Structure formats: C-alpha cells, structure tokens
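The lines below spell out each chain.
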Amino acid sequence: MHNKTKILAPFRPKSEWIPLDSENCKLEDYLEQTKEELCHQRFSRPKPNMSKEERHVLNELSNNPNIVIKKPDKTRGIIIMSDFQYRKVGFTHLSSHHYEQIPYDKTHETATLVHNTLIDMYNSKYIDNDTCDYLDPLNYDIRTNYMYFLPKIHKPPPCNLPFHARPIISGTSGPTSKISQFCDYFLKPIALKQSTYIKDTTDIINKIEANQYPPNIILATIDVTAMYCNIIQSEAIDIACKTYHDAPKLLYNIKKPPTEEFRKLLSLILEHNTFSFGDCFYRQKIGLAMGSNVSPTLANLTLYPLELQFLQTTQNILNYWRYLDDCLIILQGTEEALEHHIHFLNTMHPTIKFTATISKDHVDYLDITIFKGERFRNTGILDIKMYTKNCETYMYLIPDSTHPPSTFSGFIKGEFLRIIRNSSNVHDANERSDLFTEKLITRGYTRDFINNIRKTVSHTRRS
C-alpha cells in the first residue's frame, strides 16, 4: 500500500480552524504556565532608527499636500517632487488613447461580474467550493485600484514634462486581483517553456557561458517600447487562450477549467481594468496593467509568436533571448545586417515596437556588461562584468539601524557573491568589490567588518 501525499489546493480561503483544548492536563498546565511567564517578561524597546527631530520632519513632509514622495524606478533612494509636477505627468499619460475617463467608480460593478462568473463556474463544477470562495471578491474587502508613477531618473526628461515615469496600477485587493493570480497559475508554466525565456541574470550568464562564438559577432540589446502599454488586449487574450488550450493537464495540480471559461476570466481582468488617479476614474483600453499578477506572463506569451516569426525569417542570429521587455541578440555578421533585422522587426506589428543598441564590442544587459575580453579572445566565450546605472545612489542599510546582526552581514555577503557571479575574471570582481567596500565605508561600516565577510567568498568557487 503506497502513501499518497495530499496536495493542498493553491487557491483556498485562510483556515479558521482552532485546535481544541487537549485532554492532557500536564500539557495544558505547562501551556498556561508558559503564557503566564511571557506576560511578565520585560522586553526592551528597540532603538528607533530616527531621532524625534527626523521623525517630525518626515511627518511634516508626508502630510504636506503640495509635494509627492516616491521611490525612483530601478534604483534606490527617494524622489520629492511638487504635487503639480506629479499630477501633470500623470494626467498627460492618461490623456493618451490607451485610456478613457469613466464617470464613476466601477469597482463594485466589476466585483459583481467576477462573482457571477465564478458562481457559474462552480455550478458547472469547473472549480471547487474552496477555489470559488477564495477567488470571489465579494468575500473580502475590496478597494478601488489606483494608478501611481515612479520617476525614471535614469532617463532624460521628455519635452514639456519634468520626468519620464513608469505607470503602475496598484491592484492589491482590487476586484480582479485574485482571478489574476488564478490565471497566472495556469499560464506561467507555459511561458517558462518558451525558447527565448530568461529567468534572471544567473540564467543569462549560464546561457552565454555555454556558447563559444566566432570573432565577428555583433552584440545588441533591444528594448520593447512601452511593452505593457502597447499590447492589444484582444490579441493577448486570444494568444493566451490558445496556449492554455494546448497545455497538458499534467502541468497543474488542480482541475483545468474549459478554455471558454478561462477566456471569461481574462476578459474581466483586462477589459474591466478600472482605476483612479487624483479625483478621476479611468479604464485602460489598450495594454496590460503593470501591477497585475498575470500581466508579465501575458506579455511573455503575446511577444513569443512575434519572436518566432522574426527568427524564422532572419539569418545569422546565433542567439536571441528576452527578459520581459529586454532582449539580447548575438549575430554573426555586420552592424548593417543587424540594423536591417531590427527595421524588419519594427514592421511586424502595429503597436509593438523596438529600439536597439548595437555594438561590435560590448552591451549592457540587465545588471551585467557582456563584452569581448581576454576570455573571448582565448576561448570564444564572451566575458561578463557588473553593470550599474549612472543613477545608482548606493543607499545601503546603515550599520546602526535596528536590525539583527545577521541582516548586515547577510546583505553584504550576498552582494559580494553577486559581484563574483557577475564577473568572469578576477580583476573585474576585485575592482567591483573594492568599490562596494568603499561605498559601505561611506555608510558607516568599518573596513575590518567588511573584510572579514569578504574573506568568506572566493572567485575560484564562482561556478
């Protein structure tokens, strides 16, 4: 007789079960005694990270209606801007044809539509009771989605605006947030199997270092222009439903609903994506919401057929990989040939467009620079070193912050390991580690403390 491990359903309400009192008197006495002791324990209050004066200033800033405080896009630090500047960027973005203003908040209308769809799926036995209860927005406190913007300080500002910004729709506890998780559960395993898919920096390093290239290769990074905003919703739904229909049931631990029911959920997520900004309400007509669970996966699935068509109709591309909207191409040929390929790529779709950076010698991709160095000249394997944007502020956690000691040593060791992983030769790794050390010292760490951690990592164990 085989023991079968019960697989818990990934979508179910939080359990409200409370264990009954034990009939073991000694155990109950011990528990009560422990509770009593804990009640009389004196715990020292943690040292505050800010002085009273700093906290007072922070409260004044956060309550000032004339300014907005946000983190910058893709770097550390904070940005303080005038409310007028922030709203100007926001309303300018929302004036595009991608959005339409709506007369009132439709959050509860959308929640009712989602509820009715889920009840129909439950009555048809496509989902079980736990899944229905978990996904149903009428079973929890929903709130209106809202849009906010992260300033892109690494890019020069556009004409007539103070800064470029990344628009994000905060949909946590929104009416479609749970069904977005549900759809992503079924679509993500499909996207992970795409031949162009890149998981992270370690994945691209492993792929690059598994190849030997001829001397005349050309390197290029390609950016999908405003990828999320320019994906046509009906196209994304059609492509996702086709790949979902073809996906084997063995990929999942729960019952796979029929494709048409899955389509209804995706339509609710995309076509009823409403939100607020300022005192106004909007609906997104074109594009995917940055902030929705399923959006990155939908973007991956939508771009993949376009990529395959491009690769089948072009020559001499040795490798093509993509991490969300950042692509890497390695081509055997000339810069002119690659420019021709990029031009052709930009004719293949009405809204999805690409910009490219092309070089014979090096390109910056994710957090690494890929270049033709000594290793490439000797073995044909491209060299790799750390890359940091010019806007990096190096705002590391200060050493007198109220955190456990392991937090400080942990993030420092982790960064040293990342430097080694992202550096194919010892010289670049040491140079970058020296820079990291100096930046830590400016934040208040001692050189001895840093060096003791640095000794525990070694470039010889990089692989």
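For the structure, see preceding data.
Let me sum up the structure you'll find in this document. Computed from a predicted model, the values in this text were never measured in an experiment.

About the cut-offs
- Residues numbered from 1 in each chain as written.
- Predicted model: local features only at pLDDT ≥ 70, side-chain atom pairs only at ≥ 80, totals over all residues.
- Heavy atoms only, no water.
- Helix = DSSP H or I, 4+ residues; strand = E, 2+ residues; numbered from the N terminus.
- Areas by Shrake-Rupley, 256 points an atom, 1.4 Å probe, with all protein chains shown as cover.
- Lys, Arg positive; Asp, Glu negative; His and termini not counted.
- Charge placed at Lys NZ, Arg CZ, Asp CG, Glu CD.
- Pairing = 2+ DSSP bridges.
- Axes fitted to C-alpha atoms, helices over the stretch in contact; angles between N-to-C directions.
- Contact = heavy atoms within 4.5 Å.
- Polar contact = N/O pair within 3.5 Å; in protein donor to acceptor, adjacent residues only side chain to side chain.
- Salt bridge = Lys/Arg side-chain N within 4 Å of Asp/Glu carboxyl O.
- Buried < 20%, exposed > 50% of the residue type's maximum accessible area, 1.4 Å probe, protein only.
- Parallel < 35°, antiparallel > 145°, perpendicular 65-115°, else oblique.
- Left-handed = near helix turned anticlockwise from the far one by under 90°.
- Nonpolar A, V, L, I, M, F, W, Y, C, P; charged D, E, K, R; others polar.
- Core = buried A, V, L, I, M, F, W, Y, C linked by side-chain atoms within 4.5 Å.
- Phe/Tyr/Trp six-rings, centres within 6.5 Å; stacked < 30°, edge-to-face > 60°.
- Lys NZ or Arg CZ within 6 Å of the ring centre and 35° of its normal.
- Disulfide = S-S within 2.5 Å.

1. Here we look at the overall build of the protein chain
What the protein chain contains, in helices and strands, is 16 helices and 14 strands. If you line up the protein chain on its principal axes, its C-alpha atoms span 75 × 70 × 60 Å. As displayed, the protein chain has an accessible area near 26500 Å², and 52% of this comes from carbon and sulfur atoms. For the protein chain, the distance from the average site of its 55 positive side-chain charges to the average site of its 53 negative ones is 3 Å.

2. Some details on the sheet that holds strand S10 (residues 326-332)
Read across the open sheet, the four strands follow the order S9-S10-S6-S11; overall the sheet is antiparallel. Looking at the sheet topology across the chains shown, the edges are occupied by strand S9 (317-323) and strand S11 (354-359). Each adjacent strand pair in this sheet contributes to an overall mean axis angle of 20°, direction not counted. Alignment of S9 against S10, held across six bridges, turns out to be antiparallel. Within S10, the residue paired with Arg322 across the bridge is Cys327.

3. Structural notes on the environment of Asn273
Looking at the secondary structure, you find Asn273 in the loop between helix H10 (259-271) and strand S7 (274-277). Placed 49 residues apart in sequence, Asn273 and Val224 show a C-alpha to C-alpha distance of 22 Å. Apart from the residues lying within four places of it in its own chain, the contact partners of Asn273 are Asn145, Ile169, Leu268, Tyr282, Arg283, Gln284 and Ala289. In terms of polar contacts, Asn273 uses its side chain to reach the side chain of Gln284, at 2.8 Å.

4. Digging into the pattern of salt bridges
A complete count under the given rule lists 17 salt bridges for this structure. Residue Glu307 pairs with Arg322 through a salt bridge whose shortest N-O separation is 2.3 Å. Highlighted residues: Glu307 in helix H11 (residues 295-312) and Arg322 in strand S9, separated in sequence by 15 residues. Given a relative accessible area of 2%, Arg322 falls into the buried group. Bridged by salt links that share partners, the residues Asp367, Glu415, Arg418 and Arg421 form one connected network.

5. Details of the packing of helix H6 (residues 177-191) against H11
H11 packs onto H6 with a crossing angle of 45° between their chain directions and a minimal axis gap of 9 Å. Classed by the angle they form, the pair H6 and H11 counts as oblique. Considering only the axes of H6 and H11, their crossing is left-handed. Between H6 and H11, the contacting residues are Asp184, Leu187, Lys188, Ile190 and Ala191 on the first element and Thr297, Leu298, Asn300 and Leu301 on the second. Split by residue class, the contact of H6 with H11 holds five nonpolar, two polar and two charged.

6. Describing the nonpolar core
Leu187, Leu266 and Ile329 are the most contacted members of the largest nonpolar core, which totals 59 residues. No other element matches H6, which puts seven residues into this core. When residues no more than four places from it in sequence are discounted, the contact partners of Leu266 are Cys183, Leu187, Ile237, Ala240, Cys241 and Leu298.

7. A few points about the packing of aromatic side chains
One pass over the full model with this rule turns up 25 aromatic pairs. Between Tyr445 and Phe449, the aromatic rings sit 6.1 Å apart at their centres with planes inclined by 15°, giving stacked as the arrangement. Judged by its relative accessible area of 4%, Tyr445 falls in the buried class. Classification of Phe449 as partly exposed rests on a relative accessible area of 32%. Here the aromatic cluster, defined as three or more aromatic residues joined through ring pairs, consists of Phe11, Tyr134, Phe182, Tyr185, Phe186, Tyr244, Tyr252 and Phe262. The ring of Tyr140 has Lys178 sitting right over it, with the charged end atom 4.2 Å from the ring centre. In this arrangement the basic side chain of Lys385 is found over the ring face of Phe371, its NZ or CZ atom lying 5.1 Å from the centre.

8. Concerning the side chain of Gln194
For Gln194, the position within the fold is in the loop between H6 and helix H7 (201-209). We classify Gln194 as buried; its relative accessible area is 7%. Contact partners of Gln194, with chain neighbours within four places excluded, come to Asn300, Leu301, Tyr304 and Arg322.

9. Some remarks on the side chain of Thr131
In this fold, Thr131 is placed in helix H5 (residues 129-135). Take Thr131: its relative accessible area is 5%, and that puts it in the buried class. A polar contact is formed between the side chain of Thr131 and the side chain of Asp128, at a distance of 2.7 Å. Discounting residues that sit within four places of it in the chain, Thr131 has contacts with Phe11 and Phe182.

10. Comments concerning the environment of Thr460
As for its position among the elements, Thr460 is in the segment after helix H16 (447-454). A sequence separation of 40 residues divides Thr460 from Ile420, and the C-alpha atoms of the two residues are 9.2 Å apart. A distance of 2.6 Å separates polar atoms of two side chains, one belonging to Thr460 and the other to Ser458.

11. Topic: the state of the cysteines
Here the structure, examined in full by the defined rule, presents zero disulfides. No disulfide involves Cys159; its nearest neighbouring cysteine sulfur is the one of Cys229, lying 19 Å away. Since its relative accessible area comes to 71%, Cys159 is described here as exposed. Lacking any disulfide linkage, Cys280 is separated from the closest cysteine sulfur, that of Cys229, by 19 Å. On the basis of relative accessible area, Cys280 is assigned to the partly exposed category, the value being 21%.

12. A word on the sheet that holds strand S13 (residues 368-371)
Pairing in this open sheet of three strands is antiparallel, and the strands run S12-S13-S14 from one edge to the other. In the strand order of this sheet, the two ends are held by strand S12 (362-365) and strand S14 (383-386), each with one partner. Sheet twist, expressed as the mean angle between neighbouring strand axes with direction ignored, is 25°. Bridge count between S13 and S14: four bridges; the pairing is antiparallel. Of the residues in S14, the one forming a bridge with Phe371 is Asp383. Against the sheet, H7 engages S12, S13 and S14, with an angle of about 10° to S13.

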